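# What the coordinates show
Listed below are the residues making up each chain.
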Amino acid sequence: MSSPLKAVNPLLDRGYLSAVLAENGLRLSRDRGQNFLTDGGVLERILSEAGLSESEAVLEIGPGLGTMTLELRKVCPVVAVECDRGLARLLAALCPEGEGFALI
């Protein structure tokens, strides 16, 4: 059974992620423990268990390309901290800063 999030969040598609990384000359770093969330069901469970409301804010460490960030922004303000400059550049393009979102 496919997750409804997969239809609206292209970052849940491994092929899409691979293509975006390759187009931008980026690779995951094992030294940094980088990996991407691609299971929409897991993402849905995380969001459900977090039980966030719009009156709360989230500090997201290591958002990568923003798979979870895109969904969190729909619920509450997010401050994301990404130390990989290449991923941060892509995250800024995929998830522009503005009301309810800041990228450090």
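Computed from a prediction, not measured in an experiment: that's the story for all the values here.

Next up on the list: the overall build of the protein. Secondary structure summary: the protein contains five helices and three strands in total. In the protein, the order of α-helices and β-strands from amino to carboxyl end is α-α-α-β-α-β-α-β. Here the C-alpha radius of gyration of the protein, 13 Å, is about what a compact globule of 104 residues would show, namely 13 Å. When the backbone C-alpha atoms are referred to their principal axes, the protein occupies close to 40 × 35 × 25 Å. Here the protein holds 104 residues, and the buried ones make up 37% of them. By sequence separation, contacts in the protein at least 24 residues apart represent 49% of the contacts at least 6 residues apart. If you sum the accessible surface of the protein, you get close to 6,500 Å²; carbon and sulfur atoms cover 53% of it. For the protein, the centre of its 10 positive side-chain charges and the centre of its 14 negative side-chain charges are spaced 9 Å apart.

Here strand 1 (residues 58–61) shows a clear split, with Val-58 and Glu-60 buried on one side and none of Leu-59 and Ile-61 buried on the other. Both strand 1 and strand 2 (residues 78–81) contribute to a ladder of four bridges, which runs parallel. When the bridges of strand 2 are listed, Glu-60 appears paired with Ala-80. Taken together, strand 1, helix 4 (residues 67–72) and strand 2 constitute a β-α-β crossover, and its handedness is right-handed.

A separate point is the nonpolar core. Within the largest apolar cluster, ten residues are counted, these being Val-58, Leu-72, Cys-76, Val-78, Ala-80, Ala-88, Leu-91, Cys-95, Phe-101 and Leu-103. Sorting the residues of this core by element identifies strand 2, helix 5 (85–94) and strand 3 (101–103) as the ones contributing at least two each. Excluding anything up to four places from it in sequence, Phe-101 contacts Thr-69, Arg-73, Val-78, Ala-80, Leu-91, Cys-95 and Pro-96.

A cluster of nonpolar side chains, contributed by Leu-59, Ile-61, Val-79 and Ile-104, occupies part of the molecular surface with about 410 Å² of accessible area. On the secondary structure map, Ile-104 appears in the segment after strand 3.

Regions with low pLDDT should not have their predicted coordinates read in detail. For the protein, the average pLDDT comes to 90, and 93% of its residues sit at 70 or higher. For the protein, per-element mean pLDDT is lowest for helix 1 (residues 4–8), which scores 65, and highest for strand 2, which scores 97.

Calculation criteria
- The residue numbering used here restarts from 1 in each chain and proceeds along that chain's sequence as written.
- Reporting of local features is limited, given that this is a predicted model, to residues whose pLDDT is at least 70; pairs of side-chain atoms are given and counted only at 80 or more, and all residues count toward the totals for whole chains, interfaces and linings.
- Note that the side-chain values use all heavy atoms of the structure and ignore hydrogens as well as water.
- Helix numbers and strand numbers start at the N terminus; a helix is a DSSP run of H or I with at least 4 residues, a strand a run of E with at least 2.
- The atom set for the radius of gyration is the C-alpha atoms, and the globule formula is 2.2 Å times the number of residues raised to the power 0.38.
- Burial classes follow relative accessibility: with a 1.4 Å probe on protein chains only, a residue under 20% of its type's maximum area counts as buried, one over 50% as exposed, and anything between as partly exposed.
- Should any heavy atoms of two residues lie within 4.5 Å, those residues are considered in contact.
- Each accessible area is a Shrake-Rupley estimate made with a 1.4 Å probe; only the visible protein chains count as cover when residues are assessed.
- Asp and Glu count as negative and Lys and Arg as positive, but His and the ends of the chain are not part of the count.
- For charged residues, the charge sits on one atom: NZ in Lys, CZ in Arg, CG in Asp, CD in Glu.
- Two strands qualify as a pair provided DSSP detects at least 2 bridges between them.
- The path from the first strand over the helix to the second decides the hand: if it runs clockwise while the strands point away from the viewer, the crossover is right-handed.
- Within this scheme, the nonpolar core is defined by two criteria: the residues are buried Ala, Val, Leu, Ile, Met, Phe, Trp, Tyr or Cys, and they are joined through side-chain atoms within 4.5 Å.
- Patch criteria: residues need more than 30% relative accessible area and no salt bridge. Like-charged residues are merged within 9 Å; nonpolar side chains of Val, Leu, Ile, Met, Phe, Trp and Tyr are merged within 5 Å.
- Note on definitions: salt bridges are taken to be side-chain nitrogens of Lys or Arg within 4 Å of carboxyl oxygens of Asp or Glu.
- Residue-level confidence of the predictor, termed pLDDT, takes values from 0 up to 100.

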